[in-house]
Amino acid sequence: MAVLTEEQTMLRDMAREWADNESPVTAFRKMRDAAPAEFYDVEAWRAQAEMGWAGILIPEAHGGAGMGYLSLGLVLEQLGRNLAATPLAATAAATSALILGGSEAQQAEWLPRIAAGELVAALAVDEAPRFAPERIEARVEGGKLTGIKQFVAEGDSAQLFVVAAMDGLYLVSGEEGVTRSPRKLTDSRSHAEIRFDGAPAEKLEGGTDLLTQVTDRAAAALCAEMLGMAEAAFAQTNDYLKTRVQFGQVLASFQALQHRMAKMFTELELMRSAVEGALEAIDSGRADVSQEVSLAKAVAGETLHLVSREMVQLHGGIGMTDEHDAGFYLKRARVLEAMWGNAAWHRDRFARLGGY
């Protein structure tokens, strides 16, 4: 477990309190039923920005807090516990591209606005159903970008896109040459197909290497949300087994169920170690960031898959109904498992980076 500073502890506790009081799972259910165009609560996002969360990664010189990725992960973990619908992770992924590859002028133009919560940014990479950053066909000619990006998280409302093209990452703002088509996935969150047809684009520095750095950071942030989800799913299942009586006995008294819960508990401890290790590696600027991220995403994907599945199974019939929250965790889990590379993709990359 990471050793937190006093400031990080306060940030984590504040995020947990806000999520529990202002954004419980019932708030997500309400948002899903209302189906706003943004697929998140605009007022809740404004509140998060006012607390400084949109600027956690952004240097103080541009209006942010400059606290790093572990601090961002602490907030995303607490929001993930309650399935809070927020563009924070997507905006942070795009922000990392600006921090790593943006010119002074680009950073001065966009980072203060992001830190203030004035706009939502999105990272657009995938051109097929599966994550394949090595197969990018979008291209830029004469400062105009052309290509199609699939399943862009928060693509329905983003005002700024960081787009992967054949020769690097580009900034696309405004609506000229941009067409959005919503894609409804099982998690009831924002995913859109974005068609760029001669959209004005500004290149970020760093070339194709920048894409790897940015997607690693996007995946690490996603792992933090997955950690929060897995912990909440486990806790709710544990509480249910301790109170549900069947065959005249509390379910938690059955040894077979105890074994299943024990397995999940140990896997969760390993997941936390891997996820926090990846976030700390990014903050430390270590050379093995990609390996640490792949380890975290592979472990996170497999563990969340296990815990969300067991949550449904151990809740019995009620766990398979829409009136129970178990289905929300299962559906969101399946989407996040695939985003920025599934467990199999990251296991393969981890092995290649290790020389196996």
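Note: the structure precedes this text.
Residues numbered from 1 in each chain as written. Predicted model: local features only at pLDDT ≥ 70, side-chain atom pairs only at ≥ 80, totals over all residues. Heavy atoms only, no water.

Asker: I would appreciate a short explanation of the environment of Gly155 in the present structure.
Answerer: Its location among the elements puts Gly155 in the loop between strand 3 (144-153) and strand 4 (160-165). Accessibility expressed as a relative area gives 0% for Gly155, which makes it buried. Placed 103 residues apart in sequence, Gly155 and Gly52 show a C-alpha to C-alpha distance of 22 Å. Ignoring any residue separated from it by four or fewer positions in sequence, one finds Gly155 in contact with Phe161, Arg180, Ser190, Ala192 and Ile194. (Helix = DSSP H or I, 4+ residues; strand = E, 2+ residues; numbered from the N terminus. Buried < 20%, exposed > 50% of the residue type's maximum accessible area, 1.4 Å probe, protein only. Contact = heavy atoms within 4.5 Å.)

Asker: Please explain the sheet that holds strand 6 (residues 178-182) as it appears in this structure.
Answerer: Sheet strands associate in pairs through backbone hydrogen bonding, adopting either a parallel or an antiparallel arrangement. Spatial strand order, 2-3-7-6: four strands in an open sheet with antiparallel pairing. The open sheet has two edge strands with one neighbour each: strand 2 (139-141) and strand 6. The sheet shows a mean angle of 15° between the axes of neighbouring strands, taken without regard to direction. As paired strands, strand 2 and strand 3 are joined by three bridges and run antiparallel to one another. Paired with Glu141 across the two strands is Lys144, which belongs to strand 3. (Pairing = 2+ DSSP bridges. Axes fitted to C-alpha atoms, helices over the stretch in contact; angles between N-to-C directions.)

Asker: Help me out: how do you make sense of the side chain of Ser157 in this one?
Answerer: Examined against the element boundaries, Ser157 turns out to sit in the loop between strand 3 and strand 4. For Ser157, the residues in contact, after removing those within four places along its chain, are Glu38, Tyr40, Val120 and Arg180.

Asker: Just to check I follow, could you spell out unusual backbone geometry for this structure?
Answerer: With glycine set apart, most residues show a phi of negative sign, and most peptide bonds adopt trans. In this structure, Phe39 is a non-glycine residue whose phi angle is positive, near 65°. Tracing the chain through its elements places Phe39 in the loop between helix 2 (25-34) and helix 3 (42-50). Backbone geometry places Ser188, a non-glycine residue, at a positive phi of 60°. Structurally, the position occupied by Ser188 is in the loop between strand 6 and strand 7 (191-200). The partly exposed category is assigned to Ser188, whose relative accessible area is 23%.

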